[in-house]
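# Close look at the chain arrangement
The lines below spell out each chain.
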Amino acid sequence: MTPEKFTLAILASGRGSNLQAIIDGIEKNSLQAEIGLVISDVKNAFALERAHNHGIECLFLDPKTFPDRKSYEQALVKHIQSKSINLICLAGFMRILGKHFIETFSNQIINIHPSLLPAFPGLNVQKRALEHGARFTGCTVHYVNEEVDSGPIILQAMVPILDDDDESSLSERILEQEHIIYPEAIRLIAEGKLTLSGRRVLHCK
Ligand code: GAR
């Protein structure tokens with residue numbers, strides 16, 4: 001690990017395709033950053049294998065071995081603080097993070113969510129967008145605050161909902177956009193191009 005590089009910790013619970021998009025951005029040099037650590041709360045998460053395949057330090061931190069959420073988060077904090085991490089990226093990390101974690105890394109945590117927030121926060125959002133009859137949905141990269149899926153919005157991409165879409169086809173097209181905007185949002189932060197003004201994230205030229 002080179003100390004001067006903008007260093008990421010990635011938290012993921014599943015297949016890790018967003019993690020892969022970030023790895024690809026770094027390997028193609030379109031993102032000047034490095035991944036210092038990948039942590040998963042799920043033992044068999046494919047994200048861990050992806051990290052391992054690219055020589056990235058990775059760790060399964062088992063929530064069942066901690067008495068409560070707070071102590072789990074204290075362990076997460078400890079592992080992240082043991083590296084010089086500039087930004088924590090939640091990439092399909094399916095746990096809600098509490099006050100202690102969020103205050104420790106204030107404005108240093110971002111998340112990707114598969115809807116155009118503030119529409120459809122929470123779970124099963126592609127299905128809910130279809131059922132609602134929305135004509136457009138998309139994805140959002142946002143800072144993480146204490147309320148679920150409600151921190152300041154960094155980037156969004158819009159995806160039209162087609163008449164013959166089902167949950168799977170819609171999720172796939174949203175995911176393509178996620179893989180574009182997540183590395184791009186990280187690049188903007190790494191290059192110091194964003195400032196927060198209340199809830200608004202201003203993009204400097
Ligand atoms: C992505 O669609 C991401 O937006 C979503 O989980 C998926 C993870 O995919 N995250 C959330 O729903 C968080 N609220 P991945 O493991 O292939 O990156």
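Residues numbered from 1 in each chain as written. Predicted model: local features only at pLDDT ≥ 70, side-chain atom pairs only at ≥ 80, totals over all residues. Heavy atoms only, no water.

## Concerning the side chain of asparagine 18
- Examined against the element boundaries, asparagine 18 turns out to sit in helix H1 (residues 17–27).
- Accessibility expressed as a relative area gives 7% for asparagine 18, which makes it buried. (Helix = DSSP H or I, 4+ residues; strand = E, 2+ residues; numbered from the N terminus. Buried < 20%, exposed > 50% of the residue type's maximum accessible area, 1.4 Å probe, protein only.)

## Brief notes about the packing of aromatic side chains
- Taken as a whole, this structure holds 2 aromatic pairs when the rule is applied.
- Where phenylalanine 66 meets tyrosine 72, the ring centres are 5.3 Å apart and the plane angle is 80°; that geometry is what we call edge-to-face.
- When its relative accessible area of 24% is taken as the criterion, phenylalanine 66 is described as partly exposed.
- The ring of tyrosine 72 is capped by arginine 95, whose NZ or CZ atom sits 4.6 Å from the centre of that ring. (Phe/Tyr/Trp six-rings, centres within 6.5 Å; stacked < 30°, edge-to-face > 60°. Lys NZ or Arg CZ within 6 Å of the ring centre and 35° of its normal.)

## Notes on the site of the ligand
- The ligand sits among Arg15, Gly16, Ser17, Asn18, Gly92, Met94, Ile112, His113, Pro114, Asp149, Leu175 and Glu178.
- Backbone polar atom of isoleucine 112 to an oxygen atom of the ligand: 3.5 Å apart, as the coordinates give it.
- In isolation the ligand exposes 440 Å². Once the protein is present, 88% of that is buried.
- Elements that contribute at least two residues to the shell around the ligand include exactly H1, strand E5 (109–113) and helix H6 (167–190).
- Split into classes, the residues belonging to the shell around the ligand amount to 4 nonpolar, 5 polar and 3 charged. (Near = heavy atom within 4 Å. Polar contact = N/O pair within 3.5 Å; in protein donor to acceptor, adjacent residues only side chain to side chain. Areas by Shrake-Rupley, 256 points an atom, 1.4 Å probe, with all protein chains shown as cover. Nonpolar A, V, L, I, M, F, W, Y, C, P; charged D, E, K, R; others polar.)

## Some words on the side chain of glutamate 73
- Turning to its location among the elements, glutamate 73 is positioned in helix H3 (residues 69–81).
- For glutamate 73, a relative accessible area of 4% gives the class buried.
- The contact partners of glutamate 73, leaving out residues within four places of it in the chain, are Ile96, Leu97, Gly98 and Phe101. (Contact = heavy atoms within 4.5 Å.)

## Things to note about the environment of aspartate 41
- In this fold, aspartate 41 is placed in the loop between strand E2 (34–40) and helix H2 (46–53).
- Between the C-alpha atoms of aspartate 41 and leucine 11, which are 30 residues apart in sequence, the distance is 8.2 Å.
- The contacts of aspartate 41, once residues within four sequence positions are left out, are Ala12, Ser13, Phe60, Leu61, Pro63, Tyr72, Phe93 and Arg95.
- Engagement of the side chain of aspartate 41 in a polar contact is seen with the side chain of serine 13, the distance being 2.7 Å.

## Quick notes on the packing of helix H5 (residues 125–132) against H6
- Where H5 contacts H6, the axes come no closer than 9 Å and their chain directions differ by 115°. Note that H5 runs across H6; the crossing there is right-handed. Contact with H5, carried on its side by Gln126, Lys127 and Leu130, involves Glu167, Leu170, Ser171 and Ile174 of H6 and no other residues of that element.
- Class assignment of the residues belonging to the contact of H5 with H6 gives a composition of 3 nonpolar, 2 polar and 2 charged. (Axes fitted to C-alpha atoms, helices over the stretch in contact; angles between N-to-C directions. Left-handed = near helix turned anticlockwise from the far one by under 90°.)

## Things to note about the pairing of strand E4 (residues 87–90)
- Here E4 shows a buried face lined by Leu87 and Cys89 and a second buried face lined by Ile88 and Leu90.
- Alignment of strand E1 (residues 7–12) against E4, held across 4 bridges, turns out to be parallel. The residue bridging leucine 11 from the neighbouring strand is leucine 90, located in E4.
- In this structure, E4 lies alongside E5, joined through 3 bridges in parallel fashion. The residue of E5 that forms the bridge with isoleucine 88 is isoleucine 109.
- This β-α-β element, E4 to helix H4 (residues 99–104) to E5, shows right-handed connectivity. (Pairing = 2+ DSSP bridges. Right-handed = clockwise from strand over helix to strand, strands pointing away.)

## Overview of the environment of methionine 94
- Within the element layout of this structure, methionine 94 appears in the loop between E4 and H4.
- With relative accessibility at 59%, the residue methionine 94 sits in the exposed group.
- Considered as a pair, methionine 94 and serine 13 are 81 residues apart in the sequence and their alpha carbons are 6.0 Å apart.
- When sequence neighbours within four positions are dropped, the list of residues in contact with methionine 94 reads Ser13 and Leu123.

## As for the state of the cysteines
- In total, this model carries 0 disulfides according to the counting rule given.
- Between cysteine 89, a free cysteine, and cysteine 139, which holds the nearest cysteine sulfur, the sulfur-to-sulfur gap is 15 Å.
- Its relative accessible area of 0% is what places cysteine 139 among the buried residues. (Disulfide = S-S within 2.5 Å.)

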